[in-house]
Amino acid sequence: MGYQFEDLKNSCQSEWQAYIEHPFVSQLGDATLAPEAFRHYLKQDYLFLIQFARAFALAAYKSPTLADLKQAKEGLQAIVDVELGLHVTYCQEWGISEEELANLPEARATMAYTRYVLDTGNRGDLLDLHVALSPCMVGYGEIANWLNARADTVRGDNNPYDAWIAMYESNEFQEAMQAEIDWLNAKLADVTPARFSQLTRIFSEATRLEIDFWEMGLEQRL
């Protein structure tokens, strides 16, 4: 019997829970997160998206099949042509100008995670790269679902972060998350135990770097 994405999560349950249920996330859901912490996160997330686009460009280079190449191209195009523009508009709603975004310094947590993803992809194959990206690509959808399952989560006009939750609970994002899980499940089904052990290390390290990214936002670190 082959492996699945759920096995990756089970391999580092404590880290995954600490990521999904991080105080930054729970405070965002409770509407108690400091606005400056959220603004700091939004700024760094803009820089993260740029590096994320580069990761999809790398995925195109690493693609062994035409289907994989098309998937990488669609991901790159979605970020460059759609997501970055939406993020700029959302930042403007929070008083962050496009000029400010263009001149931001990268926080160490941003550099650590994004360069880890790119380095992992450069050293390894397409599966290595997808596993390194999966805490973000899958995690944000799971975070939205976790927030919606909590009794303490505030929705609507009483929560200034409601639009953020809505973005990741949307059908579009949830479908993209499931498509990524399906792709990973198909690839993981054929790996050996030794190979899976390598992938669990990548997944665990990427998850811990996601935790650091939340910490960076919460503590407004550079």
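Check the entry above for the structure.
Scope of this entry: the structure provided in the associated data block. (Residues numbered from 1 in each chain as written. Predicted model: local features only at pLDDT ≥ 70, side-chain atom pairs only at ≥ 80, totals over all residues. Heavy atoms only, no water.)

A closer look at the layout of surface pockets
Taken as a whole, the largest pocket holds about 980 Å³ of empty space. The residue inventory of the lining of the largest pocket, partitioned by class, reads 18 nonpolar, five polar and five charged. (1 Å grid on protein atoms, 1.4 Å probe; cavity = no way out; pocket = protein on both sides within 12 Å on 5 of 7 lines; lining within 4 Å. Points joined across faces, edges and corners; volume = space filled by probe spheres on them. Nonpolar A, V, L, I, M, F, W, Y, C, P; charged D, E, K, R; others polar.)

A few points about the pattern of salt bridges
Taken as a whole and judged by the stated rule, the model has 13 salt bridges. In this structure, Glu-6 engages Lys-9 in a salt bridge whose closest nitrogen and oxygen atoms are separated by 3.5 Å. Of this pair, Glu-6 and Lys-9 both sit in helix α1 (residues 5–11), three residues apart, which is roughly one turn of that helix. With a closest N to O distance of 3.0 Å, Asp-30 and Arg-150 form a salt bridge. With Asp-30 in helix α3 (residues 23–30) and Arg-150 in the loop between α9 (139–149) and α10 (162–169), the pair connects residues that are 120 residues apart, well separated along the chain. With a relative accessible area of 25%, Asp-30 lands in the partly exposed category. (Salt bridge = Lys/Arg side-chain N within 4 Å of Asp/Glu carboxyl O. Helix = DSSP H or I, 4+ residues; strand = E, 2+ residues; numbered from the N terminus. Buried < 20%, exposed > 50% of the residue type's maximum accessible area, 1.4 Å probe, protein only.)

Thoughts on helix α12 (residues 193–219)
Between its terminal C-alpha atoms α12 stretches 39 Å, which fits the 39 Å expected from 27 residues at 1.5 Å a residue. Note on α12: the residue one or two positions beyond its end, Gln-220, has a positive phi of about 55 degrees. (Expected span 1.5 Å × (residues − 1).)

Comments concerning the side chain of Ser-63
Relative to the assigned elements, Ser-63 resides in the loop between α4 (35–62) and α5 (66–93). At a separation of 2.6 Å, a polar atom in the side chain of Ser-63 contacts the main-chain carbonyl oxygen of Ala-59. A distance of 3.4 Å separates the side chain of Ser-63 from the backbone nitrogen of Leu-69, its partner in a polar contact. Leave out the neighbours within four places in its chain, and Ser-63 touches Asp-68, Leu-69, Ala-72 and Leu-126. (Polar contact = N/O pair within 3.5 Å; in protein donor to acceptor, adjacent residues only side chain to side chain. Contact = heavy atoms within 4.5 Å.)

What about the packing of helix α2 (residues 13–20) against α12?
Packing of α2 against α12 leaves a shortest axis separation of 9 Å and a crossing angle of 30 degrees. It follows from the interaxial angle that α2 and α12 lie roughly parallel. Classified by chirality, the crossing of α12 by α2 is left-handed. Each of Glu-15, Trp-16, Ala-18 and Tyr-19 in α2 lies in contact with α12, whose residues at this interface are Phe-203, Ser-204, Thr-207, Arg-208, Glu-210, Ile-211 and Trp-214. (Axes fitted to C-alpha atoms, helices over the stretch in contact; angles between N-to-C directions. Parallel < 35°, antiparallel > 145°, perpendicular 65-115°, else oblique. Left-handed = near helix turned anticlockwise from the far one by under 90°.)

Regarding the nonpolar core
Core analysis: the biggest nonpolar cluster contains 73 residues, and Leu-28, Phe-38, Tyr-41, Ile-143, Trp-164 and Trp-214 have the highest contact counts within it. Considering each element in turn, this core owes the most residues, 14 residues, to α4. When sequence neighbours within four positions are dropped, the list of residues in contact with Leu-28 reads Leu-33, Phe-38, Leu-147, Asn-159, Tyr-161, Trp-164 and Ile-165. (Core = buried A, V, L, I, M, F, W, Y, C linked by side-chain atoms within 4.5 Å.)

Some points on unusual backbone geometry
A positive phi angle, close to 70 degrees, is found at Ala-31, a residue other than glycine. By secondary structure assignment, the location of Ala-31 is in the loop between α3 and α4.

A closer look at helix α8 (residues 126–137)
Most of α8 is tucked away, with twelve of its twelve residues classed as buried. Leu-126, Leu-127, Asp-128, Leu-129, His-130, Val-131, Ala-132, Leu-133, Ser-134, Pro-135, Cys-136 and Met-137 are the residues of α8 that are buried. The opening residue of α8, the one whose side-chain oxygen lies 3.1 Å from the backbone nitrogen of Leu-127, is Asp-125.

Regarding the packing of aromatic side chains
Each aromatic ring pair is described using two quantities: the centre-to-centre distance and the angle formed by the ring planes. For the structure on display, the rule yields 26 aromatic pairs. Considering the side-chain rings of Phe-5 and Trp-16, the 6.3 Å spacing of their centres and the 80 degrees angle between planes classify their relative orientation as edge-to-face. One end of the pair, Phe-5, is in helix α1; the other, Trp-16, is in helix α2, with eleven residues separating them in the sequence. Considering the side-chain rings of Tyr-140 and Trp-214, the 5.5 Å spacing of their centres and the 20 degrees angle between planes classify their relative orientation as stacked. In this pair, Tyr-140 is assigned in helix α9 and Trp-214 in helix α12, connecting sequence segments 74 residues apart. By relative accessible area, Tyr-140 is classed as buried at 3%. For Trp-214, a relative accessible area of 1% corresponds to the buried category. (Phe/Tyr/Trp six-rings, centres within 6.5 Å; stacked < 30°, edge-to-face > 60°.)

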